[in-house]
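Letter by letter, the chains look like this.
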Amino acid sequence: MSLEVRELHVAVEGKEILRGVNLKVGKGEVHALMGPNGSGKSTLAYTLMGHPKYQVTSGDILVDGESILTLTPDKRARKGLFLAFQYPVSVQGVSMFSFLRAAYNSAHAQSQPTIFEFKEKLNEKLKMLGMGEEILNRYLNEGFSGGEKKRAEILQMALIEPKYAVLDETDSGLDIDALRIVAEGINKLSGPERGILLITHYQRILRYVKPQFVHVMYEGKIIESGGEELSRLLEEKGYSWIKGYKGEEVSAEV
Ligand SMILES: Nc1ncnc2c1ncn2[C@@H]1O[C@H](COP(=O)(O)OP(=O)(O)OP(=O)(O)O)[C@@H](O)[C@H]1O
Ligand SMILES: [Mg+2]
């Protein structure tokens, strides 16, 4: 059982960005995908979720052995794939509660709970994550601090219980609190029934999350893979020692 990316080539507006990505995230595994700015990490995340702007020119994406390339984003979500906040903008007039309920119903088409049942489920997750109920009355992302956005993302993931979760940590302003929220959430939500792909160029987060696998993306390809020791090497030496890396020295620590 896995989320598998095979020889994936992706173009955006006619420009090739991903140039043959191979990656397999099994259930029960946590993978970290690192790499310098502009290497294609977010492109991979958007492509996995089926964003129309990202055109797969060759290769395949499989969920538990089944290609999802032709599926729309909502059908991919029903197959168990999750990308935190597909629409990371503030939407006027949509409360977190309504957003989470819609997201849940969209991912679980067969089992739509009543509003009461949903509230129970939500409370259970809030408790597990040590969060207060106040967040539910807030409008989606409106005026959310970096840490609150992260809390909302983790809550969304806890609720939806996806088989494969892709978390793209692009916020440049993540403070240590936000990093810890993400890390604790991942640690609580990882387990035998879930595979997690954590995309980041923050070395620091890997002090709190311990992925079994670490990959480095560069110029649209994964140029190095390893275990946890690879993240320590990146922290010490940056990216320049990796075979195939020809850019100037970029510290993995931001
Ligand atoms: N919608 C788009 N239109 C045009 N170019 C794009 C688009 N999305 C991505 N690109 C280009 O693709 C390349 C990879 O970008 P991407 O956002 O995937 O990098 P990243 O690894 O996520 O970087 P970062 O670490 O800064 O988040 C960049 O050169 C970027 O300019
Ligand atoms: Mg990115």
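Please read all numbers here as calculations on a predicted model, not as lab measurements.

The rules behind each value
Residues numbered from 1 in each chain as written. Chains lettered and ligands numbered in written order. Predicted model: local features only at pLDDT ≥ 70, side-chain atom pairs only at ≥ 80, totals over all residues. Heavy atoms only, no water. Helix = DSSP H or I, 4+ residues; strand = E, 2+ residues; numbered from the N terminus. Rg over C-alpha atoms; globule rule 2.2 N^0.38 Å. Buried < 20%, exposed > 50% of the residue type's maximum accessible area, 1.4 Å probe, protein only. Contact = heavy atoms within 4.5 Å. Areas by Shrake-Rupley, 256 points an atom, 1.4 Å probe, with all protein chains shown as cover. Pairing = 2+ DSSP bridges. Phe/Tyr/Trp six-rings, centres within 6.5 Å; stacked < 30°, edge-to-face > 60°. Near = heavy atom within 4 Å. Nonpolar A, V, L, I, M, F, W, Y, C, P; charged D, E, K, R; others polar. Axes fitted to C-alpha atoms, helices over the stretch in contact; angles between N-to-C directions. Parallel < 35°, antiparallel > 145°, perpendicular 65-115°, else oblique. Left-handed = near helix turned anticlockwise from the far one by under 90°. Expected span 1.5 Å × (residues − 1). Salt bridge = Lys/Arg side-chain N within 4 Å of Asp/Glu carboxyl O.

Further remarks concern the overall build of the chain. On a plain count of helices and strands, the chain comes out with 7 helices and 10 strands. Here the chain has a C-alpha radius of gyration of 18 Å; the compact-globule value for 254 residues is 18 Å, and the two agree. If one aligns the C-alpha atoms of the chain with their principal axes, the spans along those axes are about 55 × 40 × 35 Å. In the chain, which comprises 254 residues, the share counted as buried stands at 50%. Within the chain, contacts between residues at least 6 apart in sequence are counted, and of these 67% link residues at least 24 apart. If you sum the accessible surface of the chain, you get close to 11800 Å²; carbon and sulfur atoms cover 49% of it.

Turning our attention to the sheet that holds strand β1 (residues 2-12). Here we have 4 strands laid out as an open sheet, ordered β2-β1-β4-β5, and antiparallel in their pairing. Sheet topology places β2 (15-26) and β5 (66-67) at the edges, where each strand pairs with a single neighbour. The pairing of strand β4 (residues 54-63) with β5 spans 2 bridges and is antiparallel. From the neighbouring strand, V63 faces β5, where its bridge partner is E66.

Each pair of aromatic rings is reported with the distance of its centres and the angle of its planes. Scanning all chains against the criterion turns up 5 aromatic pairs. Judged by centre distance (5.6 Å) and plane angle (75 degrees), the rings of F97 and F118 are edge-to-face. Remark: F118 occurs in helix α4 (residues 115-129) and F97 occurs in helix α3 (residues 96-107); sequence separation between them is 21 residues. For the pair shown, F97 and F118 are each scored as buried.

Near ligand 1 lie 16 residues; those nearest to it are N37, G38, K41, S42 and T43. The fraction of the free accessible surface of ligand 1 (640 Å²) that becomes covered by protein chains is 69%. Counting only elements with at least two residues in the shell around ligand 1, the list comes to β2 and α1 (41-49). A per-element tally of the shell around ligand 1 places α1 first, with 3 residues. Taken together, the residues of the shell around ligand 1 sort by class into 4 nonpolar, 8 polar and 4 charged.

It is worth spelling out the packing of α4 against helix α5 (residues 146-160) at this point. Viewed as axis vectors pointing N to C, α4 and α5 meet at an angle of 125 degrees, and their least axial separation amounts to 10 Å. Put simply, α4 runs oblique to α5. Here α4 and α5 pass one another in a crossing that is right-handed. Contacts between α4 and α5 pair F118, K121, L122, K125, L126, M128 and L129 from the former with I154, L155, A158 and L159 from the latter. Tallied by class, residues from the contact of α4 with α5 come to 9 nonpolar, no polar and 2 charged.

With that settled, the discussion passes to α5. Compared with an ideal rise of 1.5 Å per residue, which puts 15 residues at 21 Å, α5 spans 21 Å between its outermost C-alpha atoms and is within 8% of the ideal. With 11 of its 15 residues buried, α5 lies for the most part within the structure. On its buried face, α5 sits against β6 (81-83), α3, α4, β7 (164-169), α6 (176-189) and β8 (195-200). Looking at the residues trailing α5, positive phi occurs at E161, about 50 degrees.

On to the pattern of salt bridges. Two side chains that carry opposite charge are able to pair once their charged atoms sit near each other. For the structure shown, the criterion picks out 12 salt bridges. E219 serves as the salt-bridge partner of R19, at 4.0 Å between the closest nitrogen and oxygen. One end of the pair, R19, is in strand β2; the other, E219, is in the loop between β9 (213-218) and β10 (221-226), with 200 residues separating them in the sequence. R19 gets classed as partly exposed once you look at its relative accessible area, which sits at 31%. Between E148 and R138 there is a salt bridge, and its shortest N-O distance comes to 3.5 Å. With E148 in helix α5 and R138 in the loop between α4 and α5, the pair connects residues that are 10 residues apart, well separated along the chain. The exposure class of R138 is partly exposed, given its relative accessible area of 29%. One connected set of salt bridges, linked through shared partners, spans K210, E228 and R232.

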